[in-house]
Protein chains: 2
Amino acid sequence: MAQLTYDILFQSGNARIGKVKTVHGEINTPVFMPVGTQATVKSLMPGDIWDTGSRIILCNAYHLYLRPGPDIVKAAGGLHRFMNWPGSILTDSGGFQIMSLGHMVSISDEEAVFRSHIDGSLISFSPEESIRVQAALGADIIMCLDHCTRSPAPYDVAKKAMDRTLLWARRAQKTEVSAHQSLFGIVQGSIYPELRKQCALELACMDFPGYALGGLSVGESKQEFYDILHYTGEFLPREKPRYLMGVGHPLDLIEGVMAGIDMFDCVLPTRNARHGRAFTFSGPLNLKNARFAMEFAPIEEGCDCRACQSFSRAYIRHLFSARESLAWTLVSIHNIRFFQRFMDKIRKCILDGTLAGFRREMEKLYSAQGDCRG
Amino acid sequence: MAQLTYDILFQSGNARIGKVKTVHGEINTPVFMPVGTQATVKSLMPGDIWDTGSRIILCNAYHLYLRPGPDIVKAAGGLHRFMNWPGSILTDSGGFQIMSLGHMVSISDEEAVFRSHIDGSLISFSPEESIRVQAALGADIIMCLDHCTRSPAPYDVAKKAMDRTLLWARRAQKTEVSAHQSLFGIVQGSIYPELRKQCALELACMDFPGYALGGLSVGESKQEFYDILHYTGEFLPREKPRYLMGVGHPLDLIEGVMAGIDMFDCVLPTRNARHGRAFTFSGPLNLKNARFAMEFAPIEEGCDCRACQSFSRAYIRHLFSARESLAWTLVSIHNIRFFQRFMDKIRKCILDGTLAGFRREMEKLYSAQGDCRG
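Think of each chain on its own: its residues are numbered from 1, step by step along the sequence as written. Numbering of ligands from 1 and lettering of chains from A proceed in the order in which they are written. With the structure being a predicted model, the display of local features is reserved for residues of pLDDT at least 70 and the display and counting of side-chain atom pairs for 80 or more, all residues being used for whole-chain, interface and lining totals.

1. A few points about the overall build of chain A
For step 1, the next point in the chain: When you go through chain A residue by residue, the secondary structure sums to 15 helices and 16 strands.
For step 2, the next point in the chain: With the radius of gyration taken over C-alpha atoms, the globule rule is written as 2.2 Å times the number of residues to the power 0.38. Against the globule reference of 21 Å for 374 residues, chain A gives a C-alpha radius of gyration of 20 Å, in line with a compact fold.
For step 3, the next point in the chain: The principal-axis extents of the C-alpha atoms in chain A amount to approximately 60 × 45 × 40 Å.
For step 4, the next point in the chain: Here the contacts in chain A between residues at least 6 apart in sequence split such that 70% fall between residues at least 24 apart. Helical segments are the DSSP runs of H or I of at least four residues, strand segments are the runs of E of at least two, and each set is numbered from the N terminus. What counts as a contact is two residues whose backbone-derived C-beta atoms lie within 7 Å of each other.

Below is the structure:
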């Protein structure tokens, strides 16, 4: 039971191809992690997820802390056994959800106090408690509790949140975890380069096995997002995996890879699936559209996913019209498989030196979208 | 492309073990058919259904007529290809749904006129139209349009509906279908033995490849239901498969088999699954119950379904608490597998002569429930 290892296999500019190894297997990077917020990637069996080529998924400590609770997951033998997922798992610390879902009551250097979005009960969450919860869940990669702010945040608010994130990272690092767990630090600092730089450098001194960029794609402009992404990337240790939290959109994945990011997660493929929106290499499709009623081709010609192998656009459109949950399942399978094929393509483009061309091609098909951290 | 064949392999009292063959494969009888109302067994992939041991499912001509419409299904290559189901399919004619879902405007010997439950549009449905729809859908077994009444129905209402059902059966039989399709007649007559007898005998003269009992478990008492079931069974041709529509409950399956029934369908396993109710050979369970929060055993020890092989009661309870659709999928898989194992057990009991004992055992665990025709 050891922590993760990370090896860079190839590099071109800031983009790199690598391999993360955890006790639950190997992960080719850059990697996209489907989101299983509540210990299930919505509407999918674990085998369906595995068959998309996914080898690591993200679950949320905040959600699982509230329900079913870490004691139950621990008694089940940990999250992997609880949800029967054979691959690796990363748990988010709860920092983002406290901001986005909980009704914040107060936040101090000691802890965050918020009301549960489920039953309104009052909950205190400290950086130590977040790690204890994540230790009980047993994910391979766990995250420090961070103080997230929405963008744009005033400088002093962003500074305070960044300082607190650093303080909490130190306390998280002193909290005991299982031997197989790797704790990542999270860089905050909103859209302010000097805050991002300070946070990245101080975290680097603490020698985490991996580093995340948080608080991006939370309301700032696309240009601000990209600028901070590239700028901050320069100060993250090169020999460690770098994770851009809650991103994202196909164009953002390419941008992230160009900035040296290795790991991404986003609810986009599954959330869009439930609304009938499919991703393809020819652009997005809305499968609820009447024009698909008589189209007996698969969602995407040449796609090897189980939905495309066996079902037509017309059938899937019918399932949406009839409000049948199999619709969500089939398009989720396709969309996650698309994201994995998209990462395969990105890795190939890094090797070929064709990533910029691929980005231009995708820019014609996809326009950028906003936040989608689960 | 030939019609179905039916062979009786063993008989004990009225109960019989047989084999139905369609162009889509063999079906061991007595058989339970899961319901896929809208060309999907709710929340399940076709492979999941197949893995429960199911080899024939039921779809509804009424629903598929309204949405997506028979032209689309026909253009897709028929229902089997549309929904990617390799086994056999039976389509119900729409008679029951016109009564239960549509807002009946008028019914005459010519046709039923009703309002769609989807958009309120006015629809005329004749026995010929029902067959044309079912011919376009292409199911292996199709049903005559019948005039269903709720129970209790006054004698004159039941008599009129039975006469009309016979008239419509004659017209249905004259309507063209595909060579591989087998048209079953439906016996109506409510709770009146003389009406049931007349209907059964007249249909028998028309020489259908199979016969169904309709209009049962629609409001009459359990004793009335069982009395009519056994009484009518005596007048149905022995050499043909007999189908008890919309039934049912485990105890009703046993009663039906004892009355010589070979085929059953019911939404009970999938509908109950979506409410957290699981069937087991030790009795029913409500998986939403708090007592399962820390139970890491499968739904049913010894069950070979995919849900029991890989997931705990605690995990499934969590999925229900979190309102995750994977909960429906897992319990639907288990419940349908339970119904198939239940039919395996019934077939074994027929061979062993132990069916009465098995019924007494199940009566201790399950109390009877009402109507569940899809």
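2. Here we look at the relation of the copies chain A and chain B
For step 1, the next point in the chain: Mapping chain A onto chain B leaves a residual RMSD of 0.0 Å; the transformation is a rotation of 180 degrees accompanied by 0.0 Å of translation along its axis. Look at the turn and shift together and you get a two-fold axis relating the two. Rotation axis and chain A: the residue whose C-alpha lies nearest the axis is Ser325 of chain A, separated from it by 3.8 Å.
For step 2, the next point in the chain: Here 100% of the contact residues of chain A are again contact residues in chain B; the copies associate through an equivalent surface. The least-squares superposition of copies is restricted to C-alpha atoms, and to residues with a pLDDT of at least 70 in both copies.

3. Topic: the sheet that holds strand E3 (residues 25-29) of chain B
Residue and element names in this part refer to chain B.
For step 1, the next point in the chain: Here, any two strands with at least 2 DSSP bridges between them count as paired. Read from one edge to the other, the open sheet built from 3 strands follows the order E1-E2-E3, with strand pairing classed as antiparallel. This sheet does not close on itself; its edge strands, each paired only once, are strand E1 (5-12) and E3. Averaged over all adjacent pairs, the angle separating strand axes in this sheet is 15 degrees, with direction ignored.
For step 2, the next point in the chain: Taken together, the 5 bridges between strand E2 (residues 15-22) and E3 define a ladder with antiparallel strand orientation. Note on E3: the bridge partner recorded for Thr22 is Gly25.
For step 3, the next point in the chain: Here an angle of 0 to 180 degrees is reported between the N-to-C directions of two axes, which are lines fitted to C-alpha atoms, with helices fitted over the stretch in contact. Against the sheet, helix H14 (residues 326-352) makes contact with E1, E2 and E3, and its axis sits at roughly 130 degrees relative to E2, the strand it touches most.

4. Description of the packing of helix H6 (residues 127-137) of chain B against helix H7 (residues 155-173) of chain B
All names here are of chain B.
For step 1, the next point in the chain: Between H6 and H7, the shortest axis-to-axis distance is 8 Å and the interhelical angle comes to 45 degrees. Put simply, H6 runs oblique to H7. Regarding H6 and H7, the two cross each other, and that crossing is right-handed. Contact with H6, carried on its side by Pro127, Glu128, Ser130 and Ile131, involves Trp168, Arg171 and Ala172 of H7 and no other residues of that element.
For step 2, the next point in the chain: Asp, Glu, Lys and Arg are counted as charged, while Ala, Val, Leu, Ile, Met, Phe, Trp, Tyr, Cys and Pro are counted as nonpolar; the rest, among them Gly, fall into the polar class. Grouping the amino acids of the contact of H6 with H7 by side-chain chemistry returns 4 nonpolar, 1 polar and 2 charged. Should an angle lie under 35 degrees it is considered roughly parallel, over 145 roughly antiparallel, and from 65 to 115 roughly perpendicular; all remaining angles are considered oblique. By convention the crossing between two helices is left-handed if the near helix lies anticlockwise of the far one by an angle smaller than a right angle, and right-handed if it lies clockwise.

5. A short note on helix H8 (residues 193-205) of chain A
All names here are of chain A.
For step 1, the next point in the chain: Between the first and last residue of a helix there are one fewer steps than residues, each counted as 1.5 Å, and that sum is the expected span. In a regular helix each residue adds 1.5 Å, so 13 residues correspond to 18 Å; H8 covers 18 Å between its end C-alpha atoms and thus fits that length.
For step 2, the next point in the chain: Among all positions of H8, only Leu195, Arg196, Cys199, Ala200 and Leu203 are buried. One side of H8 holds all its buried residues, which, seen down the axis, span an arc of 125 degrees. Opposite the packed face of H8, turned more than 90 degrees from it, sit the exposed residues Glu194 and Cys205.
For step 3, the next point in the chain: In this fold, the buried residues of H8 make contact with helix H7 (155-173), strand E11 (182-187), strand E12 (210-213) and helix H9 (222-233).
For step 4, the next point in the chain: A positive phi of about 55 degrees marks Asp207, the residue just after H8. Any residue surrounded by 20 or more other C-beta atoms within 10 Å of its C-beta is treated as buried, while 12 or fewer makes it exposed and the intermediate range makes it partly exposed; C-beta atoms here are placed from the backbone. The arc under discussion is defined with respect to the helix axis, by the directions toward the C-beta atoms.

6. Re the pairing of E2 of chain B
Residue and element names in this part refer to chain B.
For step 1, the next point in the chain: With 6 of 8 residues buried, E2 lies mostly within the body of the structure.
For step 2, the next point in the chain: Here E1 hands over to E2 after 2 residues, with Gly13 in that stretch at a positive phi of 65 degrees.
For step 3, the next point in the chain: Hairpin remark: E2 followed by E3, antiparallel, with 2 residues in the connecting loop.

7. Focus on helix H13 (residues 313-321) of chain B
For step 1, the next point in the chain: Burial within H13 of chain B is extensive, with 8 of its 9 residues counted as buried.
For step 2, the next point in the chain: Against helix H3 (70-75) and helix H4 (79-83) of chain A together with H14 of chain B lie the buried residues of H13 of chain B.
For step 3, the next point in the chain: In the segment just after H13 of chain B, Arg323 of chain B is the residue with positive phi, at about 55 degrees.

8. Looking at the interface of chain A and chain B
For step 1, the next point in the chain: The partner chain B presents 29 residues to the 29 residues of chain A that form the contact.
For step 2, the next point in the chain: When contributions to the side of chain A that touches chain B are tallied by element, the ones reaching two or more residues are H3, H4, helix H13 (313-321) and helix H14 (326-352) of chain A.
For step 3, the next point in the chain: Per-element tally for the side of chain A that touches chain B: the top contributor is H13 of chain A, with 5 residues.

9. Some thoughts on the domain arrangement of chain A
Residue and element names in this part refer to chain A.
For step 1, the next point in the chain: Domain parsing of chain A yields domain 1 (5-266) and domain 2 (275-365).
For step 2, the next point in the chain: At the junction of the two partners, domain 1 supplies 24 residues and domain 2 supplies 24 residues.
For step 3, the next point in the chain: Breaking the side of domain 1 that touches domain 2 down by element, the ones donating at least two residues are strand E1 (5-12), strand E2 (15-22), strand E4 (31-34), helix H1 (46-51) and helix H10 (250-258).
For step 4, the next point in the chain: Tallied by class, the residues present in the side of domain 1 that touches domain 2 amount to 15 nonpolar, 6 polar and 3 charged. Those domain boundaries reflect an automatic or database domain assignment.

10. What to know about the nonpolar core
For step 1, the next point in the chain: With 243 residues, the main nonpolar core has Phe184 and Ile316 of chain A together with Phe184 and Ile316 of chain B as its most contacted residues.
For step 2, the next point in the chain: Apart from residues lying up to four places away in sequence, Phe184 of chain A is in contact with Ile141, Met143, Cys144, Phe208, Pro209, Gly210, Tyr211, Ala212 and Tyr243 of chain A. Nonpolar cores are identified as sets of buried Ala, Val, Leu, Ile, Met, Phe, Trp, Tyr and Cys residues joined via C-beta atoms within 7 Å.

11. Describing the packing of H7 of chain B against helix H8 (residues 193-205) of chain B
For any two helices packed against each other, the geometry comes down to the angle between their axes and how far apart the axes lie.
Residues and elements named next belong to chain B.
For step 1, the next point in the chain: Where H7 meets H8, the closest approach of the two axes is 10 Å, and the angle between their N-to-C directions is 5 degrees. The pairing of H7 with H8 is recorded here as roughly parallel in orientation. Note on element contacts: H8 touches H7 through Leu195, Cys199, Glu202 and Leu203, opposite Ala158, Lys159, Met162, Thr165, Leu166 and Ala169.
For step 2, the next point in the chain: For the contact of H7 with H8, the residue count by class is 7 nonpolar, 1 polar and 2 charged.

12. Brief notes about the sheet that holds strand E8 (residues 112-115) of chain A
Residues and elements named next belong to chain A.
For step 1, the next point in the chain: Across the sheet, 3 strands lie side by side as E7-E8-E9; this open sheet has antiparallel pairing. In the strand order of this sheet, the two ends are held by strand E7 (103-107) and strand E9 (122-125), each with one partner. The average angle at which neighbouring strand axes cross in this sheet is 25 degrees, direction not considered.
For step 2, the next point in the chain: Looking at chain direction, E7 and E8 are connected through 4 bridges and run antiparallel. Paired with Ser106 across the two strands is Val113, which belongs to E8.

13. Observations regarding the environment of Ile98 of chain A
Residues and elements named next belong to chain A.
For step 1, the next point in the chain: Note on placement: Ile98 falls in helix H5 (residues 95-100).
For step 2, the next point in the chain: Among the residues examined, Ile98 registers 24 C-beta atoms within 10 Å and is labelled buried.
For step 3, the next point in the chain: Taking the C-alpha atoms as reference, Ile98 lies 42 Å from Asp352; in sequence the two are 254 residues apart.
For step 4, the next point in the chain: Residues in contact with Ile98, not counting those within four places in the same chain, are Tyr62, Met104, Ala112, Phe114 and Phe125.

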